[in-house]
Amino acid sequence: MTEATAIDHPSIASAPAPAPLLSVRNIEVVYDDVILVLRGLSLEVPQGAIVALLGANGAGKSTTLKAISGLLKTEDGKVTRGEIIFNGERINGIDPDRIVRRGIFQVMEGRRIVADMTSLENLRLGAFTRSDNEVNADIEMVYNYFPRLKERTGLAGYLSGGEQQMLAIGRALMTQPKLLMLDEPSLGLAPFLVAEIFQILGRINRDEGLSILLIEQNAIAALEIVSHGYLIESGRIVMHDSAEALKKNPDIREFYLGGAEAKNFRDIKHYRRRKRWLT
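Think of each chain on its own: its residues are numbered from 1, step by step along the sequence as written. Note on the predicted model: pLDDT of at least 70 is required for a residue's local features to be given, and 80 or more for side-chain atom pairs to be given and counted; whole-chain, interface and lining totals, by contrast, use all residues. The side-chain quantities take in all heavy atoms of the structure and omit both hydrogens and water.

Trainee: Honestly, the pattern of salt bridges in this entry has me stumped. Any pointers?
Mentor: Close approach of charged atoms allows side chains of opposite charge to pair. Salt bridge criterion: a side-chain nitrogen from Lys or Arg within 4 Å of a carboxyl oxygen from Asp or Glu. Overall, the coordinates contain 16 salt bridges when judged by the stated rule. One salt bridge connects R81 with E28, and the closest N-O pair in it is separated by 3.5 Å. Taken together, the residues span a long stretch of sequence, with R81 in strand β4 (residues 77-86) and E28 in strand β1 (residues 22-31) at a distance of 53 residues. Here E224 ties to K247 by a salt bridge, and the two come within 3.5 Å at their closest N and O atoms. With E224 in the loop between α9 (219-222) and β9 (228-233) and K247 in helix α10 (residues 243-248), the pair connects residues that are 23 residues apart, well separated along the chain. Salt bridges here are not isolated pairs; linked through shared partners, they connect R25, E83 and R90. For the purposes of this entry, the term helix denotes a DSSP run of H or I that reaches at least four residues, the term strand denotes a run of E that reaches at least two, and both are numbered from the N terminus.

In structure tokens, the structure reads:
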């Protein structure tokens, strides 16, 4: 290309990246006005992506979800600093039912299905706030992803642990969420069931374009389906990267993927904390 041509055809600036569906910006969470649990935590979930928040028990994973879904109020907790932006609007401080109506649904740890209702009744319960005519079609959509549920006509309390998790996810889908948040969906399940459920979550993400925030200790399973992962320890994000990069990271491999004996991520010799968004 000649110099004149370069002048006549200037390079076109790339378009700005779209805003994330969910942006958690430097939040702090306090329980009972004295216990600081989250310390300047930030993360993002792009539209149509699956993102994982990884960490050990007590690191602050569930508290992060409750801050987003508004459930902190039920446990004397509150966001005391920072902001949570969903679909362009600030949502921290809003009541949980209004957050659900805006398109966020959290599948709680332990599944929390209604044991003395049938699978179908549980699914219809998920559509309680809806007034459209697509409920039956969405039930069939859930059955397409989880055909076992259609076969189980008895009370949900008699379902296996894996089937109850499928029902909990199916009930969440009935709310027509824009963002699905799952708290430890692999908890207490056999490895083959974990693999099956995570594979289905990947299908739902691809087929429906549903954004998912996945909270997990099972890093091996989570990193197979997510595009990006965050590592939380003691209420702070200490590392984040693409799933492929995290799987190759020697520290992550040692601590989460290779059975390291270190009691805490700081014990790893080559650990490097990456600070971002901190002010």
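More follows now that the structure is in view.
Trainee: Help me out: how do you make sense of the pairing of strand β10 (residues 236-242) in this one?
Mentor: Successive side chains on a regular strand alternate, one facing one side of the sheet and the next facing the other. The pairing criterion is simple: DSSP has to find at least two bridges between the two strands. Relative to β10, β9 runs antiparallel, the two sharing six bridges. Bridging from a neighbouring strand, Y230 pairs with H240 of β10. Counting the residues in the hairpin turn of β9 and β10 gives two residues, including S234, whose phi is positive at 55°.

Trainee: How do you make sense of unusual backbone geometry when you look at a structure like this?
Mentor: Where the residue is not glycine, phi is negative for most of them; where a peptide bond is considered, it is trans in most cases. The residue D32 is not glycine, and still its phi comes out positive at about 55°. Position of D32 among the secondary structure elements: in the loop between β1 and β2 (35-45). Each residue is assigned to one of three classes by its accessible area relative to the maximum for its type, calculated with a 1.4 Å probe on protein chains only: buried under 20%, partly exposed between the two thresholds, exposed over 50%. For D32, a relative accessible area of 44% corresponds to the partly exposed category. Phi at D76 is positive, roughly 55°, even though this residue is not glycine.

Function cannot be read off these values alone, since they describe shape.
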